[in-house]
Amino acid sequence: MDLDLVLVRAFAETADRLHFGRAAEHLGISQQALSKRIARLETLLAVRLFEREGGVRLTEAGERFLPAARRALAAGEYAVAAVTGAPPVVRIDTWGHLYAPMRTVAQAAEALGGVRLEPGPGRDWPSVARSLLNGDTDLGFGRVHPLPDGGDAGLTQRLVRLEPVDAVVSAAHPLAGADALRPADLRDSTLWCPAELSRLDFLRRFGDEFGIIRRQDGPNLGLDHLVRRIRDDASCFTLFPADAPLPDHAGLRSIALTAPTPLYAWSLAWRESYGHPLLDALLRGFADAGRARRWLEYTPGRDWLPDTDHASFAARQTDRGRAGTAAVRYG
């Protein structure tokens, strides 16, 4: 049986949105044309793919067909790229933008050869999770943590970097002259959080772990705003990845944290039912960059990870011999 990828794409877009009108709009065709394509595919396969009464939903056959349909579409795109010479495209959404996630992606991309990464409009982990599940992006990169109400069900993640974080304080802060600090030394300071604290899982867990009672949060207005906020308030501190560049160090101190050193966990995430044809190459690229730059060093007692990140690291170590790097499944 020869499958027409035009029909398969019509099915996949409708399955992602479960709404004929929105799927047709995304494809740039009329709803009538979309319905005809779906009907033609159902005739070809001799099964019903959608139930249409009481709202659009996949049948059991549609559920079984969807992962294979996505793989077929991705393989078709890869085949076209191979013939035309155009580098294959991988859509990647990042989050945690104040911490400059593209630094790490760019370093890993050096090992990826002809792969072209197309950054997407990711805002935070919940929004990227939805984009992955809807098929609007191929890969996510940032700090992954379990989402409430099963928002990450069906997603898989792989830990690729553990980055030490420093305490950033004003030059007028009482601890500004220290060469290094323990997290507990900051208990009399106020943790500044550059977004609603409910959205900043790492900072919330850090504060809980080390007894940082005073916390303030505010809107995320960019890195310059964060720098000014810390510089102008000698009672505050924030956390910042040790390798990430601050735009202006004047009036600031970036102090290493020890005993223990908090680590920020960067991970790749993708939909379990769909692996981009270049996924294995991408994972190898991140693994090669990680080995060369010692991205995954972790010593219990010396370093600190939130419980969820520690579980990801432990799973990675367990499966490393089989898969090179571990995949942790959510949902």
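For the structure, see preceding data.
Basis of the calculations
Residues numbered from 1 in each chain as written. Predicted model: local features only at pLDDT ≥ 70, side-chain atom pairs only at ≥ 80, totals over all residues. Heavy atoms only, no water. Axes fitted to C-alpha atoms, helices over the stretch in contact; angles between N-to-C directions. Helix = DSSP H or I, 4+ residues; strand = E, 2+ residues; numbered from the N terminus. Parallel < 35°, antiparallel > 145°, perpendicular 65-115°, else oblique. Contact = heavy atoms within 4.5 Å. Nonpolar A, V, L, I, M, F, W, Y, C, P; charged D, E, K, R; others polar. Buried < 20%, exposed > 50% of the residue type's maximum accessible area, 1.4 Å probe, protein only. Polar contact = N/O pair within 3.5 Å; in protein donor to acceptor, adjacent residues only side chain to side chain. Arc of directions from axis to C-beta. Patch = residues over 30% accessible without salt bridge, like charges linked within 9 Å, V, L, I, M, F, W, Y side chains within 5 Å. Areas by Shrake-Rupley, 256 points an atom, 1.4 Å probe, with all protein chains shown as cover. Salt bridge = Lys/Arg side-chain N within 4 Å of Asp/Glu carboxyl O.

Asks: What is the right way to look at the packing of helix α2 (residues 20-27) against helix α3 (residues 31-45) in this model?
Replies: Helix packing for two helices is described by the angle between their axes and how far apart those axes are. Direction vectors running N to C along α2 and α3 enclose 100°, while the axes themselves pass 9 Å from each other. Of the possible angle classes, the one that applies to α2 and α3 is roughly perpendicular. Contacts between α2 and α3 involve F20, G21, A23, A24 and L27 from the first element and Q31, L34, S35 and I38 from the second. Its residues placed into classes, the contact of α2 with α3 shows six nonpolar, three polar and no charged.

Asks: I tried to follow the side chain of S267 on my own but got confused; where do I start?
Replies: Of note, S267 is situated in strand β12 (residues 261-271). Judged by its relative accessible area of 3%, S267 falls in the buried class. Only 2.8 Å separates the side chain of S267 from the side chain of Q157, close enough to count as a polar contact.

Asks: Please clarify how helix α8 (residues 223-232) should be interpreted in this entry.
Replies: Each α-helix winds once per 3.6 residues, and so residues spaced three or four apart point in a common direction. Among the residues of α8, those classed as buried are L226, V227 and I230. Along the long axis of α8, the arc covered by the buried residues comes to 100°, so they all point the same way. Elements that come into contact with the buried residues of α8 comprise β6 (155-170), β8 (190-193), β10 (236-241) and β11 (252-257).

Asks: What am I meant to see in the environment of P247 here?
Replies: For P247, the location among the structural elements is in the loop between β10 and β11. Under the relative-accessibility criterion, P247 is labelled partly exposed at 42%. When the C-alpha atoms of P247 and A289 are compared, they prove to be 25 Å apart, with 42 residues separating the residues in sequence. Each residue touching P247, except ones within four places of it in the same chain, is listed here: L223, D224 and V227.

Asks: Explanation requested: a nonpolar patch on the surface in the structure shown.
Replies: On the surface, a cluster of nonpolar side chains totalling about 300 Å² of accessible area is made up of M1, L3 and L44. One can find L44 in helix α3.

Asks: Mind showing me how you'd approach the packing of helix α5 (residues 102-109) against helix α9 (residues 279-293) here?
Replies: Relative to each other, α5 and α9 sit at 100°, their axes nearing to 8 Å. By the angle between their directions, the pair α5 and α9 is classed as roughly perpendicular. Contacts between α5 and α9 involve T104, V105, Q107 and A108 on the former and, on the latter, G285, F286, A289 and R293. Looking at the contact of α5 with α9, its residues break down into four nonpolar, three polar and one charged.

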